[in-house]
Amino acid sequence: MLTPLDRRADQSGNPFGATAYVRRHSGVLAAESLAREQHGVVSRRQLATIGVTRYDIAREVRRGRWRLLGRQTVAIHRGPLVAQAWW
């Protein structure tokens with residue numbers, strides 16, 4: 001689903017901005033959906049499977065939206081982890 005921002009970028013004729021934004025946005029949405037089923041935690045392999053790159057992960061961590069829980073695990077939120085998330 002395109003947001004109004006996506007539509008404006010698409011109508012402006014910018015061939016790169018709109019496509020890149022939609023891909024990142026859909027990857028983040030898919031990651032959040034997956035994380036809901038797993039108490040907010042996903043593996044890098046799971047993220048790669050749904051199209052989230054290591055650069056996408058680094059960007060979300062840098063912006064403070066996600067946090068790393070080791071080398072292969074990512075929390076798709078900044079709040080406290082529930083006990084089930086550690087299993």
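Residues numbered from 1 in each chain as written. Predicted model: local features only at pLDDT ≥ 70, side-chain atom pairs only at ≥ 80, totals over all residues. Heavy atoms only, no water.

1. Here we look at the overall build of the protein
From N to C terminus, the protein includes 4 helices and 3 strands. Of the regular secondary structure in the protein, the N- to C-terminal order runs α-α-β-α-α-β-β. Within the protein, contacts between residues at least 6 apart in sequence are counted, and of these 43% link residues at least 24 apart. Roughly 6200 Å² of accessible area belongs to the protein as shown, and the carbon and sulfur atoms make up 56% of that amount. (Helix = DSSP H or I, 4+ residues; strand = E, 2+ residues; numbered from the N terminus. Contact = heavy atoms within 4.5 Å. Areas by Shrake-Rupley, 256 points an atom, 1.4 Å probe, with all protein chains shown as cover.)

2. Observations concerning the pattern of salt bridges
Tallied over the full model, the rule gives 3 salt bridges. Residues Glu60 and Arg59 are paired through a salt bridge, measuring 3.2 Å at the closest nitrogen-oxygen approach. Of the two residues examined, Glu60 and Arg59, each falls in the buried class. Here Glu60 and Arg65 are joined by a salt bridge, their closest N and O atoms 3.2 Å apart. (Salt bridge = Lys/Arg side-chain N within 4 Å of Asp/Glu carboxyl O. Buried < 20%, exposed > 50% of the residue type's maximum accessible area, 1.4 Å probe, protein only.)

3. Topic: the nonpolar core
Judged by nonpolar contacts, Val28, Ala31, Leu34, Ala35, Val42, Leu47, Val52, Ile57, Trp66, Val74 and Ile76 together constitute the single largest core of 11 residues. Among the elements that take part in this core, helix 2 (residues 17-37) stands out by supplying 4 residues, more than any other. If we skip the residues at most four places from it in the chain, Val52 touches Gly27, Leu47, Ile57 and Trp66. (Core = buried A, V, L, I, M, F, W, Y, C linked by side-chain atoms within 4.5 Å.)

4. Some remarks on the environment of Gly70
Relative to the helices and strands, Gly70 is located in the loop between strand 2 (67-68) and strand 3 (73-75). When the C-alpha positions of Gly70 and Ser43 are compared, they lie 9.8 Å apart, and in sequence the two are 27 residues distant.

5. Re the confidence of the model for the protein
Looking at the protein as a whole, its pLDDT mean stands at 75, while 64% of the residues score no less than 70. Mean pLDDT across the elements of the protein bottoms out in helix 1 (residues 4-11) (46) and peaks in helix 3 (residues 44-49) (94). Confidence over residues 1-10 falls short of pLDDT 50; this stretch has 12 contacts with residues more than four positions distant or in other chains. Every residue in residues 14-18 is under pLDDT 50, and counting partners more than four places away or in other chains gives 4 contacts. (pLDDT = per-residue confidence, 0-100.)

6. A look at the sheet that holds strand 2
Taken together, the 3 strands give an open sheet; going across it, the order is 1-3-2, and neighbouring strands pair in antiparallel fashion. Only two strands of the sheet have a single partner each, and these edge strands are strand 1 (41-43) and strand 2. Where strand 2 lies against strand 3, 2 bridges are found, and the strand directions are antiparallel. Each residue of the ladder has a partner; that of Leu68, found in strand 3, is Val74. (Pairing = 2+ DSSP bridges.)

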